[in-house]
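# Descriptive structure summary
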Amino acid sequence: IQYAEGQKYAPHMDTHAETTDETPGGQRLVTCLLYLNDVEEGGTTDFVKLGLSVAAKAGRLLCFHNCSPGTNVPDPRTLHTGSAVVAGEKWAVNKWLWSRSMADYNWPGRAAAWPTDTEAGEAGPTESAEPPAQRRRKRLSSREIWILS
């Protein structure tokens, strides 16, 4: 994600208003946003209903739950905005944690299903003693917003 001077992101939620079986991955349960640079001025992430503003600082990781605990129901308190960059630019990368595996979705133009952990051979950083199906079923229940600097 890149914002030049004057660019902003309107207030929004990272959830789908309604999750159906056709929604790839189901619901976005958690958002993680990693800031890649310090913004000279502006470019904060503001939680409108919580009165919380997070400055974009290189290496800072912002994570928050998008839904009410134990559900796929959007939590309106997660309404947030990317304020305008006044000076400099803003670079960030985001990652969403979904309620279902994205590998199960039949993406248009995809020739074959994505390999599972077993089919891929080397599990790499996702290697776990638990079978993949059990890992996908875990639910996050905390109601915190994490800001790691």
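Only a predicted model underlies this, so the values are computations on that prediction, with no experimental measurement involved.

Helix and strand counts for the protein come out as one helix and 11 strands. Relative to its full complement of 149 residues, the protein shows a buried share of 31%. Long-range pairs, those at least 24 residues apart, make up 76% of the contacts in the protein between residues at least 6 apart in sequence.

Burial of strand 3 (residues 28–35) is extensive: seven of the eight residues sit out of reach of the surface. With seven bridges joining them, strand 3 and strand 10 (residues 90–98) adopt antiparallel strand pairing. Residue pairing for strand 10: Leu33 is matched across the bridge by Asn94.

On to the layout of surface pockets. Once rolled over the atoms, a probe with the size of a water molecule shows which space is left empty. The space that makes up the second largest pocket amounts to roughly 290 Å³. Forming the boundary of the second largest pocket are 18 residues, of which Ile1, Tyr3, His12, His80 and Asn94 lie nearest the centre. Of all the secondary-structure elements, those providing two or more residues to the lining of the second largest pocket are strand 2 (9–12), strand 3, strand 7 (61–65), strand 8 (80–82) and strand 10. In terms of residue count, strand 10 provides more of the lining of the second largest pocket than any other element does, four residues in total.

The subject of this paragraph is the pattern of salt bridges. Per the stated rule, a full pass over the model turns up one salt bridge. Residues Arg77 and Asp75 are paired through a salt bridge, measuring 2.7 Å at the closest nitrogen-oxygen approach. You can call Asp75 buried: its relative accessible area is 4%.

Strand pairing in a sheet takes place through backbone hydrogen bonds and is either antiparallel or parallel in direction. Taken in spatial order, the four strands of this open sheet run 2-8-5-6, and their pairing is antiparallel. Looking at the sheet topology across the chains shown, the edges are occupied by strand 2 and strand 6 (52–54). Shown here is a sheet whose adjacent strand axes are inclined to one another by a mean of 15 degrees, direction ignored. Relative to strand 8, strand 2 runs antiparallel, the two sharing two bridges.

Our focus in this paragraph is the pairing of strand 10. Judged from the two bridges that link them, strand 1 (residues 2–3) and strand 10 form a sheet pairing that is antiparallel. Paired with Gln2 across the strands is Trp91, a residue of strand 10.

One pair of aromatic rings is described through two measures. These are the centre distance and the angle between the planes. Tallied over the full model, the rule gives two aromatic pairs. When the ring of Trp96 is compared with that of Trp98, the centres are 6.3 Å apart and the planes differ by 80 degrees; the resulting orientation is edge-to-face. Here Arg28 stacks its cationic end above the ring of Trp96, 3.5 Å away from the centre of that ring. Lying across the ring of Tyr3, Lys90 places its NZ or CZ 5.0 Å from the centre.

The subject of this paragraph is the nonpolar core. Tyr3, Leu33, Tyr35, Val39, Phe47, Val54, Ala56, Leu62, Phe64, Val85 and Ala92 form the largest nonpolar core, which has 11 residues in total. Only strand 3 and strand 7 provide two or more residues apiece to this core. Discounting chain neighbours no more than four positions away, the residues touching Leu33 are Ile1, Thr45, Arg60, Leu61, Leu62, Ala92, Val93 and Asn94. The next biggest cluster of nonpolar side chains, apart from the first, holds five residues, and it includes Leu29, Val30, Cys32 and Cys63.

What counts, and where the lines are drawn
Residues numbered from 1 in each chain as written. Predicted model: local features only at pLDDT ≥ 70, side-chain atom pairs only at ≥ 80, totals over all residues. Heavy atoms only, no water. Helix = DSSP H or I, 4+ residues; strand = E, 2+ residues; numbered from the N terminus. Buried < 20%, exposed > 50% of the residue type's maximum accessible area, 1.4 Å probe, protein only. Contact = heavy atoms within 4.5 Å. Pairing = 2+ DSSP bridges. 1 Å grid on protein atoms, 1.4 Å probe; cavity = no way out; pocket = protein on both sides within 12 Å on 5 of 7 lines; lining within 4 Å. Points joined across faces, edges and corners; volume = space filled by probe spheres on them. Salt bridge = Lys/Arg side-chain N within 4 Å of Asp/Glu carboxyl O. Axes fitted to C-alpha atoms, helices over the stretch in contact; angles between N-to-C directions. Phe/Tyr/Trp six-rings, centres within 6.5 Å; stacked < 30°, edge-to-face > 60°. Lys NZ or Arg CZ within 6 Å of the ring centre and 35° of its normal. Core = buried A, V, L, I, M, F, W, Y, C linked by side-chain atoms within 4.5 Å.

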